[in-house]
Amino acid sequence: MLECNACCMPVNDKALPKSRSTFLGLLLLYISLACIVTCSWAFHWLDRTCSLALYGTLLGLLPGALHSRTSRTADAPRRHWRYLGVVTVFAVGFCVAIFPFFPVFPWYNFLEVPSRSILRWVDAISCAGITVVAALCVKIQHPPSNYVRHAVWAVFGSWLLVTLLAALVFFPKEYHPLLQHAAWHLEGIDFVWIAWLMTDRITALADRPSYTLTNSGTIIRTAAVCFHLRIVTETFLGIKNVSLAIQMVFAAIFLMLWMFLCIRIALCLARSFWLLRKELNVVQGAPEAEARWALDVVRLEILACALITFSCTTLWWLPYKALSWAEDQQVADQVLLIPVVVAHRFNHLIKATSVAALSGLLWPCHTSGSDQTINTLERAPTMSIRLSDPDLWTDKVHELANRGVTLTSLLNFWRKLEQVMPSFDPHVSTTNDVVRLAIIPLSHDPSSGEGHALASLWAQGEPVRAQCMVTHNWSNLFHHLVAGIFADALEKEYYAGVAEMLLHPDGCKELEDSIQARNISSKSYWVCAFSVNQHACICDNFGRAPPEGTPEFEEWDLKRRDSKTGVVFPVCPCTQRKIYNNEPALCEMNKFDAMMRHLNRRQDGFSHLVVADTAFDVFTRAWCIAEIVESGRSRIRQQIKLYSEATLDSNYQRLSSIDVRSCKASRPEDREMILQSITDIQQFNSDLRWRIFGTEGLLSKWLDGPSRAKLVSRVLRRAGTFGGHLSSGSTLSTLDPMDSV
């Protein structure tokens, strides 16, 4: 769905020297601090325990210097580095988890508690579990995402601190302060990483900025400072009563800030959950699948938020320290040490698992429900036309199929359109205007009095087999039709950006360079406006006029006038014989479905492009529906190009209840013939919604955390705006487009 991942930070070459200087500065600072600690130990200014604790502090803070929020790495490491990392994580993690079960290792001999076996199992299980999660995250080759690289560091940090605490058994008791303080301060760094990841997702999910999310950086940094100050207080003041009091104050502030942030996040998620549940009751098909998918994402976010919040170590550490202050350390160890250790280890296992899942590392890519959609068109009858001469019909189908328009020809036509059609305005002029005032005059041969398809003139009579069939409505802006075709050729998801480029000469030159670079200048599209000989059907008339004063007359009258000037189009003076359905074998306007079948058999990679206008009126035209029907029946690869994501969302209410029975045609008999070719109207409507919303591919794509949250936010905006107003009986034609703006 995304050409460039929304959370991938682009590398700014100008910022690299600053990053290098910052890294070198931190490295020199660390070396200086290590030298100061070493000198203090050597001159007996600090005792051995305090010196080792300070060494551990420097080691625990080091990952925060190596990786910060501004780190720009987005690509996964090369394969050999990833596999080396997996082997290292597995070897270290499982050695620490398994070896202490052997009798040679006196597990937790430094703790005077009778429940050492329980703690041994707690550390073994948590260490093994987090090792598996960390190894999977290190191994995965993910698409470029700066957010996911942050997530890998967070998971690695959780794994490392749990492993350090579980590895105490491998070292003599006098070295425990080194490992403990390294793990404790690393926990503070890891807290910041995980909190940033969580708030980034919720910020992308929230429909509007809130005080909490706007100031989340300040809240997280303040909480992290309190966390580290609590540890520093214990390092220098020990476990005296004054030290315990100060530690508990810092811990209480940390817990209050963290709980405040988590509660606000939980309220945001709860509101999202309520809106999505409400939306599921009023939508069907693709909108329902999107809402259900979004509900699953929000449900997992709520579960992760709840588990992380209530397994927070400080929530259990505070009563543990309060008891040791009120009674003594031995009583506190006997009563609350095991719950504190269990909460701590499994808090990090939960954090690592939720980060891995919600960042996109371990998020499964589900295929959409449309994979199980019944093909309602497989047994649909072909539109029945009695032919007196089938060979003439086949020849005409073959002739039409070889009237493709290349991208180069289309771009050249666009560039000279204002010269040919002085009243052309890209923001106003429709395809109907361009056909009447540019295509018909250009394809008229005054010397012979006849006319040709403009595509045939551009090809100088040579056959150009179409590689893609374009379905569009003539009431759409011609500017958007051209943009949709180029967006398809350049594999853009939306055509708004291409439409903007077409408005400027530099943009047209950029488009030309792009198609040449991709070697697709000669890619051909079948567009009825160019590929049908308009002189054999409509050039000298506007069809039969409906009774005046009726809505049908108003619509007919609009179609015969220039959208820019309001002047009635001039009729063509050509002498070309007009051929309609009374001569079905020679008529060029009744063979679109047959031509699509022909091209699908003859042209490798043949596809079908539907260029949707901003009002989505293309899905109300009977012949456009007929082409979509044939595309589905023949299993032709189909793409629907939309102007923008915003136009899809603004028309959500109308499109979620689209019904082909509301389609229109200039001739009522054409509409009836087309609807009769659909065996199951309801299923076709459902399948059409899947294609319009793009849900089939959208929900099966890999997305990182913020990108997935933004997609959920889109569903939430629709639900919040339209969910309470949907009616299962509404149809596309009965709803005013302005209702959804």
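Bear in mind the structure is a predicted one, so any value in this text is a computation, not a measurement.

For the rest of this paragraph, the subject is the overall build of the protein chain. If you tally the helices and strands in the protein chain, you get 30 helices and seven strands. Sequence separation of 24 or more characterises 80% of the internal contacts of the protein chain that already satisfy a separation of 6 or more. Taken as a whole, the protein chain presents about 34,100 Å² of accessible surface, with 60% of it coming from carbon and sulfur.

Of all hydrophobic cores here, the largest spans 69 residues; its most connected members are Phe478 and Phe530. Tallying contributions element by element places helix H18 (residues 478-489) first for this core, with eight residues. Among the nonpolar cores identified, the runner-up in size contains 60 residues, and Phe191, Leu213, Ile265 and Trp317 belong to it.

Glancing now at unusual backbone geometry. The phi torsion at Gln460 lies on the positive side, around 55°, for a residue other than glycine. Tracing the sequence through the fold places Gln460 in the loop between helix H17 (454-458) and strand E4 (468-471).

Glancing now at the packing of aromatic side chains. When we look at a pair of aromatic rings, we describe it by the centre distance and by the angle of the planes. The final tally for this structure, using the stated rule, is 17 aromatic pairs. Judged by centre distance (5.8 Å) and plane angle (75°), the ring pair of Trp153 and Trp193 falls under edge-to-face. Of this pair, Trp153 sits in helix H5 (residues 146-166) while Trp193 is found in helix H6 (residues 176-205), placing the two residues 40 residues apart along the sequence. For Trp193, a relative accessible area of 10% puts it in the buried group.

Attention now goes to the side chain of Glu301. Of note, Glu301 is situated in helix H10 (residues 286-310). By relative accessible area, which is 9% here, Glu301 ends up buried. Excluding anything up to four places from it in sequence, Glu301 contacts Arg201, Ile202, Leu269 and Leu358.

What follows covers the sheet that holds strand E5 (residues 524-526). Pairing is mixed across the open sheet formed by five strands, whose spatial order is E1-E5-E4-E6-E7. The open sheet is flanked by strand E1 (405-406) and strand E7 (637-641), the only strands paired with a single partner. Note: E4 against strand E6 (residues 607-611), four bridges, orientation parallel. Of the residues in E6, the one forming a bridge with Thr471 is Val610. Along the sheet, helix H23 (residues 592-602) contacts E4, E5 and E6; its crossing angle with E4, the most-contacted strand, is approximately 155°.

The subject of this paragraph is H5. Given a rise of 1.5 Å per residue, 21 residues ought to cover 30 Å, and the 31 Å separating the end C-alpha atoms of H5 matches this to within 8%. Extensive coverage of H5 is indicated by the burial of 18 of its 21 residues.

A few words now on the packing of H6 against helix H12 (residues 329-359). With their axes 11 Å apart at the nearest point, H6 and H12 run at an angle of 40° to one another. By the angle class used here, H6 and H12 are oblique. The crossing of H6 and H12 is left-handed. Touching Glu187, Asp190, Ile194, Leu197 and Arg201 of H6 are His344, His348, Lys351, Val355 and Leu358, all from H12.

Our next topic: the pattern of salt bridges. A full pass over the atoms with the stated rule returns 20 salt bridges. Where Glu288 meets Arg292, a salt bridge forms, and the shortest distance between an N and an O atom there is 3.0 Å. In this pair, Glu288 and Arg292 are both assigned in helix H10, four residues apart and thus about one turn of the helix distant. Judged by its relative accessible area of 41%, Arg292 is partly exposed. The residue Asp425 makes a salt bridge to Lys564 at a minimum N-O spacing of 3.0 Å. Residue Asp425 is found in the loop between helix H15 (417-420) and helix H16 (431-442), and its partner Lys564 is found in the loop between helix H22 (551-559) and H23; the two are separated by 139 residues along the sequence. Within the structure, one salt-bridge network assembled from shared partners comprises Lys396, Glu399, Arg403 and Glu588.

Now for a nonpolar patch on the surface. Among the surface-exposed residues, Ile98, Phe99, Phe102, Phe170, Phe171 and Tyr175 lie close enough to one another that they form a single nonpolar patch of about 530 Å² accessible area. Along the polypeptide, Phe99 turns up in the loop between helix H3 (79-98) and helix H4 (116-139).

This part is about the packing of H5 against H6. Contact geometry of H5 with H6 gives a least axis separation of 9 Å together with a crossing angle of 150°. Here H6 runs roughly antiparallel to H5, going by the angle between their axes. The handedness of the crossing between H5 and H6 is left-handed. Classifying every residue of the contact of H5 with H6 gives 16 nonpolar, four polar and four charged.

Within the element layout of this structure, Arg201 appears in helix H6. Separated by 509 residues in sequence, Arg201 and Lys710 have C-alpha atoms that sit 8.2 Å apart. Ignoring any residue separated from it by four or fewer positions in sequence, one finds Arg201 in contact with Tyr147, Glu301, Leu358, Gly705, Pro706 and Ala709. Side-chain polar atoms of Arg201 contact the side chain of Tyr147, separated by 3.0 Å.

With that out of the way, let us pick up the pairing of E6. Judged by how many residues are buried, E6 sits mostly within the fold: five of five residues are covered. With burial as the criterion, each face of E6 is covered, one bearing Ser607, Leu609 and Val611 and the other bearing His608 and Val610. Traced from E6 through helix H24 (residues 622-633) to E7, the parallel crossover comes out right-handed.

Before going further, it helps to spend a moment on the pairing of E7. Where E6 lies against E7, five bridges are found, and the strand directions are parallel. What sits directly across from Leu609, in E7, is Gln639.

Here the focus is the environment of Gln639. Tracing the backbone shows Gln639 in strand E7. The sequence separation of Gln639 and Ile692 amounts to 53 residues, and the corresponding C-alpha distance is 9.1 Å. Contact partners of Gln639, with chain neighbours within four places excluded, come to Asp488, His608, Leu609 and Val610.

This brings us to the confidence of the model for the protein chain. The share of residues in the protein chain with pLDDT of 70 or more is 86%, and the mean pLDDT across the chain is 81. Here residues 1-18 is a poorly scored stretch, pLDDT under 50, and it has 35 contacts once near neighbours within four places are set aside; other chains count. Across residues 723-741, where pLDDT falls below 50, the model places 37 contacts with residues more than four positions away in sequence or in other chains.

All told, the structure shown has zero disulfides when counted by the stated rule. Lacking any disulfide linkage, Cys35 is separated from the closest cysteine sulfur, that of Cys39, by 6.5 Å. You can see Cys262 has no disulfide; the closest cysteine sulfur is in Cys305, sitting 4.9 Å from it.

What follows covers H22. Taken together, the buried positions of H22 are Phe553, Trp556 and Asp557. Buried residues in H22, looked at end-on, bunch into an arc of 100°, giving them a common side. Facing away from the buried surface of H22 by more than 90 degrees, the exposed residues are Pro551, Glu554 and Leu558.

What follows is about the side chain of Lys321. The residue Lys321 is located in helix H11 (residues 313-326) in this model. At 4.5 Å, Glu234 is the nearest oppositely charged side chain to Lys321, a buried residue that forms no salt bridge. Once residues lying within four places of it in the same chain are set aside, the contact partners of Lys321 are Leu244, Gln247 and Met248.

About the thresholds
- Counting restarts for each chain, with residues numbered from 1 along the sequence as it is written.
- A pLDDT threshold of at least 70 governs which residues receive local features in this predicted model, and a stricter bar of 80 or more applies before side-chain atom pairs are shown or counted, although totals over entire chains, interfaces and linings include all residues.
- Each side-chain value is derived from all of the structure's non-hydrogen atoms; neither hydrogens nor water enter the calculation.
- The secondary structure listing takes helices from DSSP runs of H or I that are at least 4 residues long and strands from runs of E that are at least 2 residues long, numbered from the N terminus.
- Two residues form a contact once any of their heavy atoms are found within 4.5 Å.
- Here the accessible surface of atoms and residues is derived via Shrake-Rupley with a 1.4 Å probe, and residues count as covered only by protein chains that are part of the display.
- For this analysis, a nonpolar core means a set of buried residues of the types Ala, Val, Leu, Ile, Met, Phe, Trp, Tyr and Cys, connected via side-chain atoms within 4.5 Å.
- Three exposure classes are used, based on accessible area relative to the maximum for each residue type with a 1.4 Å probe and protein chains only: buried under 20%, partly exposed in between, and exposed over 50%.
- Note on aromatic pairs: the rings of Phe, Tyr and Trp (six-membered ring only in Trp) are paired at centre separations within 6.5 Å, and the planes decide the class, stacked below 30 degrees, edge-to-face beyond 60, tilted for the rest.
- Note on pairing: two strands pair once DSSP finds at least 2 bridges between them.
- Helix axes use the C-alpha atoms of the stretch in contact, all axes being lines fitted to C-alpha atoms, and the angles between their N-to-C directions lie in the range 0 to 180 degrees.
- Take the residue count of a helix, subtract one, and multiply by 1.5 Å to get its expected span.
- In this scheme, roughly parallel covers angles under 35 degrees and roughly antiparallel covers those over 145, while 65 to 115 is roughly perpendicular and the rest are oblique.
- A crossing counts as left-handed when the near helix is turned anticlockwise from the far one by less than a right angle, and as right-handed when that turn is clockwise.
- When a carboxyl oxygen of Asp or Glu lies within 4 Å of a side-chain nitrogen of Lys or Arg, that pair is called a salt bridge.
- Patches were defined on residues exceeding 30% relative accessible area and lacking a salt bridge, with like-charge contacts within 9 Å and nonpolar side-chain contacts (Val, Leu, Ile, Met, Phe, Trp, Tyr) within 5 Å.
- Ten residue types, Ala, Val, Leu, Ile, Met, Phe, Trp, Tyr, Cys and Pro, are classed as nonpolar, four, Asp, Glu, Lys and Arg, as charged, and the remainder, Gly among them, as polar.
- Pairing of N or O atoms within 3.5 Å defines a polar contact, subject to two protein rules: one partner must be a possible hydrogen donor and the other a possible acceptor, and residues neighboring in sequence count only if both atoms are side-chain atoms.
- Looking down the strands as they point away from you, a crossover is right-handed if its path from the first strand over the helix to the second goes clockwise.
- You can read pLDDT as the predictor saying how much it trusts each residue, on a scale of 0 to 100.
- Two cysteine sulfur atoms make up a disulfide if the distance between them is within 2.5 Å.
- Note: the arc covers the axis-to-C-beta directions of the helix.
- Neither His nor the chain termini are counted; the positive set is Lys and Arg, and the negative set is Asp and Glu.

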